[in-house]
Amino acid sequence: MSAIVLFILMAVYESNQQDPSLDTNAWLEKYDKYRKIIEENTEITNEDNLTPEIRLHLITPRSKLWNAKSRDSPFKDSPFFAFYWAGGQGLTRYILDHPEIVKGKRVLDLGSGCGATAIAAAKCGAKSVTANDIDPLHCLLTDMNARLNNVAINITNTDFVSDMKIGTSDDWDVVLVGDMFYENPLAEELTEWLRLEKEAGKFIYIGDPGRYLFIAAQHKPGNYLEFITRYKLVTCVSIDMNAKINNVNIKITKDNLIAKTRNFTEWDCVFFGDVFYEFDMMKTMVLMMRKSCAKGTKIFIGEPCGIFRAYTMTNELKQVAQYTLPEAAEEMLGYGTTFISEFCC
């Protein structure tokens, strides 16, 4: 199942102010010792993602750290910054496809990560681009990737969200946010910060693969989010690569089985993991599960939250296991526990 990326547009604003001088990135020099470490543990690539126009230092299956234990990592914390996350991929693709939304504008890429979205904005003719991430190593990687793509980006690790620092007309006109709704209280603070940015007259675009906290933000009173588009990620390539790494053969299909089939009776057992992220799809899948289960197909579901339970009868789900996620996964996803259930008819 391909991940879904949502894009949201808020407010209309255009600035005619003169472009301010870009701040220097000299503060990153104190972290220069990590440049070689990043180079040694990442691969320069533009493959297997939505934006082949941009080359990035990334951790891939061919990198040392792909199968490394945390104790073997040269970084104090997990190197999340060296992965190209789903929301960022979609948002970057959208910018490249619609350069007019950043051309001639001052742009802030909030939670920049590997810097791909900021790089896209610079390539598309933004008047100035500021990449922001509170982690200095994220900022360092953004600098390395910007140099790799021959673009100039101002980089800062100021915590705009926690400090509730709102941009003025002299700071930025457009705010880009990718993969930031992964944990609380950050998601709640971010929602409030974006509301204030909207009221200050900014264009705001968000890319997210449908995390629970993002879905919850959409359904809060006073919701100001407007869906724009979605992209299918290059998922089958990843499945094939991971299968080879683990020396197993798997039949892989890109077919939309939900649209093409009325049930899953072709298989004896069906697993659903992290696919209940869109309400209309949930309802359709539950109906298909009922038909398949009635004909003898075993169905197991893995989900970190109970949102899909709203579309099932009380006796249809039997919890068979519960797992506590590693601390790093909890930090990344916003969940501490995941539940395994059998669908019973």
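Each value, and the rule that gives it
Throughout this document, residue positions are counted from 1 along each chain, in the order its sequence is written. For a predicted model such as this one, the threshold for reporting local features is a pLDDT of at least 70, and the threshold for listing and counting side-chain atom pairs is 80 or more; totals across whole chains, interfaces and linings nevertheless cover every residue. Excluded from the side-chain calculations are hydrogens and water; all other atoms, namely the structure's heavy atoms, are used. Helix and strand assignments come from DSSP, with helices taken as H or I runs of at least 4 residues and strands as E runs of at least 2, each series counted from the N terminus. Partly exposed describes any residue whose relative accessible area lies between the buried limit of under 20% and the exposed limit of over 50%, with all areas from a 1.4 Å probe on protein chains only and scaled to the type maximum. When checking whether two residues touch, look at their non-hydrogen atoms; a contact exists if any pair is within 4.5 Å. For every accessible area listed, the method is Shrake-Rupley and the probe measures 1.4 Å; residues are considered covered only by the protein chains on display. DSSP bridges decide pairing: two strands pair if at least two such bridges lie between them. Whenever a helix is involved, its axis is fitted only over the stretch in contact; in every case the axis is a line through C-alpha atoms, and angles between N-to-C directions fall within 0 to 180 degrees. One speaks of a salt bridge when a side-chain nitrogen belonging to Lys or Arg is within 4 Å of a carboxyl oxygen belonging to Asp or Glu. To qualify as a nonpolar core, a set must consist of buried Ala, Val, Leu, Ile, Met, Phe, Trp, Tyr and Cys residues joined through side-chain atoms within 4.5 Å. To estimate the expected span of a helix, subtract one from its residue number and multiply by 1.5 Å.

Enquirer: What am I meant to see in the overall build of the protein here?
Expert: Scanning the protein from N- to C-terminus turns up 10 helices and 12 strands. Relative to its 345 residues, the protein shows a buried fraction of 48%. A fraction of 73% describes how many contacts in the protein between residues 6 or more apart in sequence connect residues 24 or more apart. Counting only carbon and sulfur atoms, one obtains 50% of the accessible surface of the protein, whose full area is about 17600 Å².

Enquirer: In this structure, what is going on with unusual backbone geometry? I would like to understand it.
Expert: With glycine set apart, most residues show a phi of negative sign, and most peptide bonds adopt trans. Its identity as a non-glycine residue notwithstanding, Asp48 has a phi of 60°, on the positive side. Residue placement: Asp48 occurs in the loop between strand 2 (43-45) and strand 3 (56-58). At Asn247, a residue that is not glycine, the phi angle is positive and equals roughly 55°. Checked against the element boundaries, Asn247 lands in the loop between helix 7 (235-245) and helix 8 (257-260).

Enquirer: Looking at this model, I keep getting lost on the sheet that holds strand 10 (residues 298-303). Mind explaining?
Expert: Each strand in a sheet pairs with another by means of backbone hydrogen bonds, the pair being arranged parallel or else antiparallel. Spatially, 9-10-12-11 is the arrangement adopted by the 4 strands of the open sheet, whose pairing is mixed. Whereas interior strands pair on both sides, the edge strands pair on one side only; in this sheet they are strand 9 (269-273) and strand 11 (317-324). Across the sheet, the mean angle from the axis of one strand to that of its neighbour is 20°, orientation sign disregarded. As judged from the 5 bridges shared by strand 9 and strand 10, these two strands associate in the parallel manner. Counted as the bridge partner of Phe272 is Ile301 from strand 10.

Enquirer: How do you make sense of the pattern of salt bridges when you look at a structure like this?
Expert: Side-chain pairs of opposite charge can arise whenever the charged atoms involved come near each other. Applying the stated criterion across every chain, the model contains 12 salt bridges. Of the charged contacts in the structure, one is a salt bridge between Asp143 and Arg35, with a shortest N-O distance of 2.8 Å. Taken as a pair, Asp143 in helix 4 (residues 136-148) and Arg35 in helix 1 (residues 33-41) lie far apart in primary sequence, 108 residues in all. For the pair shown, Asp143 and Arg35 are each scored as buried. Linking Glu316 and Arg290 is a salt bridge whose minimum nitrogen-to-oxygen distance equals 2.7 Å. Pair noted here: Glu316 is in the loop between strand 10 and strand 11 and Arg290 is in helix 9 (residues 279-294), with a separation of 26 residues, a long-range link. Assessed through its relative accessible area of 9%, Glu316 is described here as buried. Using a relative accessible area of 28% as the deciding quantity, one classes Arg290 as partly exposed. Taken together, the shared-partner salt bridges connect Asp32, Arg35, Asp143 and Arg147 into one network.

Enquirer: Can you walk me through the nonpolar core in this structure?
Expert: As a rule of thumb, nonpolar side chains are buried together in soluble globular proteins. In this structure, Leu56, Val102, Val107, Ile153, Leu176 and Tyr205 are the most contacted members of the largest nonpolar core, which totals 45 residues. Elements represented by at least two residues in this core include exactly strand 3, helix 2 (86-97), helix 3 (116-123), strand 5 (128-132), helix 4, strand 7 (174-178) and strand 8 (203-207). The element contributing the most residues to this core is helix 4, with 6 residues. Residue contacts for Leu56: discarding those within four places in its chain leaves Glu43, Ile44, Thr45, Tyr84, Cys114, Ala116, Ile119, Asn145 and Leu148. If you look at the next biggest cluster of nonpolar residues, it comprises 19 residues, including Trp172, Leu194, Phe214 and Tyr224.

Enquirer: When you look at the environment of Gly115 in this model, what are you seeing that I'm missing?
Expert: Relative to the helices and strands, Gly115 is located in the loop between strand 4 (106-110) and helix 3. Along the primary structure Gly115 and Ala146 are separated by 31 residues, whereas in three dimensions their C-alpha atoms are 7.3 Å apart.

Enquirer: I keep staring at helix 5 (residues 186-199) and nothing clicks. Help me out?
Expert: For an α-helix, 3.6 residues make a turn, and residues three or four places apart therefore share a direction. Taking 1.5 Å as the rise per residue, helix 5 with 14 residues should run 20 Å; its terminal C-alpha atoms sit 20 Å apart, in good agreement. For helix 5, every residue scored as buried is listed here: Leu186, Ala187, Leu190, Thr191, Trp193, Leu194 and Glu197. Of the residues flanking the end of helix 5, it is Gly201, one or two places downstream, whose phi is positive at about 90°.

So, to be careful, I would describe these as geometric facts and stop short of saying anything about function.
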